[in-house]
Amino acid sequence: NLLQSLNWSLLQFDAAERDPILKLSLETESNLLLGPHFVLPLHNERMFKAGWVNVLEVASPELMYVQMDGMLDQVWRMEEEMEQFYTQEMAGQEIVPEKLSVGLAVSAVYRDTAWHRGRVVAIEEEREVAEIFYVDHGWRALVKMDTLRCLDSQFSRLAEQAVPVKLSGLRRLGDVKQWSCGLVRELKEIVKRAEGRGWIQVREEDGENAVDLFMKLAPRHGSKWGPGKMILINQTLVGQGLAAAKPGHLAGVLDRSLMWEGIPVVTKSGNSDSALQKLVWTSLARFRQTDVLV
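For clarity, every value in this text was computed on a predicted model and none was experimentally measured.

**Student:** Talk me through the pattern of salt bridges; I want residue IDs and the actual numbers.
**Tutor:** Here the structure, examined in full by the defined rule, presents 13 salt bridges. Glu 124 serves as the salt-bridge partner of Arg 127, at 3.1 Å between the closest nitrogen and oxygen. Shared partners join several salt bridges into a network, and the residues in it are Glu 57, Glu 131 and Arg 140.

Here it is as structure tokens:
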């Protein structure tokens, strides 16, 4: 019948009154009030089986954000269209402060003064700022609320390009709930020595987005790893006594046959200087930004 065909996730039945009332749920109503540019949350990019990546952010071996090389061209093209939409056409819709919520997908300006896709991760009402995680680049920044714009639906089709991954086959030492500070520091130092560049191979048997990470490290005093040698970071952490291998887990082997297949030719439409500038900012801005952006 009619009642059975209704989408009850969008509706609320109120029988408290004399005459029962069928109305939109509070959540649905608040979403609609955001206007026509409100979009559902972005989805994460599906991992390739293997590929070159930029490591954007390191929280622990269980949470690292990487950006796949093969998707960079699509991100740049989309951001050029965002610049046209939000800056030149001034078509972006402002977000009503009362409707700003954690998890909301937005369009926000970063230090490069360009528009990027972001997600609200925290709100400081007294300072009228929101902490934004830039979902394609792994940056974080505090941004004035009145500068945020609704993410137009045309910019929500591409999945988030800062992909969360975890290193496969690792477990903590002893009966502890957190990874040691020493391990996290070493992992960040390794990524820094590799200038954030790496090759990943997915290990599906170890859970969602579990990967083997191979990197070529710059020489460090006292290090046995020479220049030009790709090493498995997962195994390096075990070898340094900072983590333990999971029982039965076999260390990954670099599949060089895949490394040079399908290397993308990155092209840019429009001004080549704009493309170069974006590449420079992407390289320079791989850190957690805590200054308020206006």
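**Student:** Explain helix 4 (residues 181–193) to me, using residue names and the numbers behind them.
**Tutor:** Here helix 4 is 13 residues long and its end C-alpha atoms lie 18 Å apart, about the 18 Å a rise of 1.5 Å per residue gives. Restricting attention to buried positions, one finds in helix 4 the residues Leu 183, Val 184, Glu 186, Leu 187, Ile 190, Val 191 and Arg 193. Among the structural elements, strand 3 (50–60), strand 4 (63–68), strand 10 (163–167), strand 13 (210–216) and helix 5 (233–239) are those in contact with the buried residues of helix 4. Where helix 4 ends, the next residue or the one after it, Glu 195, has phi of about 55°, a positive value.

**Student:** Could you give an account of the packing of aromatic side chains, with specific residues and numbers?
**Tutor:** For the coordinates displayed, the defined rule picks out 9 aromatic pairs. Through a chain of ring-to-ring contacts, the aromatic side chains of Phe 85, Tyr 86, Trp 115 and Phe 155 assemble into a single cluster.

**Student:** Give a description of the nonpolar core that names residues and reports values.
**Tutor:** Grouped together as the largest cluster of nonpolar side chains are 37 residues, with contacts concentrated most on Val 55, Met 64, Leu 167, Met 215 and Ile 233. Counting residues per element, the ones that place at least two in this core are strand 3, strand 4, helix 3 (72–88), strand 10, helix 4, strand 13 and helix 5. In this view, Ile 233 contacts Leu 167, Leu 187, Ile 190, Leu 213 and Met 215; residues no more than four positions away in its chain are not counted. Grouped together as the second largest cluster of nonpolar side chains are 16 residues, Ala 108, Tyr 110, Val 143 and Cys 150 included.

Cut-offs used in this document
- Residues numbered from 1 in each chain as written.
- Predicted model: local features only at pLDDT ≥ 70, side-chain atom pairs only at ≥ 80, totals over all residues.
- Heavy atoms only, no water.
- Salt bridge = Lys/Arg side-chain N within 4 Å of Asp/Glu carboxyl O.
- Helix = DSSP H or I, 4+ residues; strand = E, 2+ residues; numbered from the N terminus.
- Expected span 1.5 Å × (residues − 1).
- Buried < 20%, exposed > 50% of the residue type's maximum accessible area, 1.4 Å probe, protein only.
- Contact = heavy atoms within 4.5 Å.
- Phe/Tyr/Trp six-rings, centres within 6.5 Å; stacked < 30°, edge-to-face > 60°.
- Core = buried A, V, L, I, M, F, W, Y, C linked by side-chain atoms within 4.5 Å.

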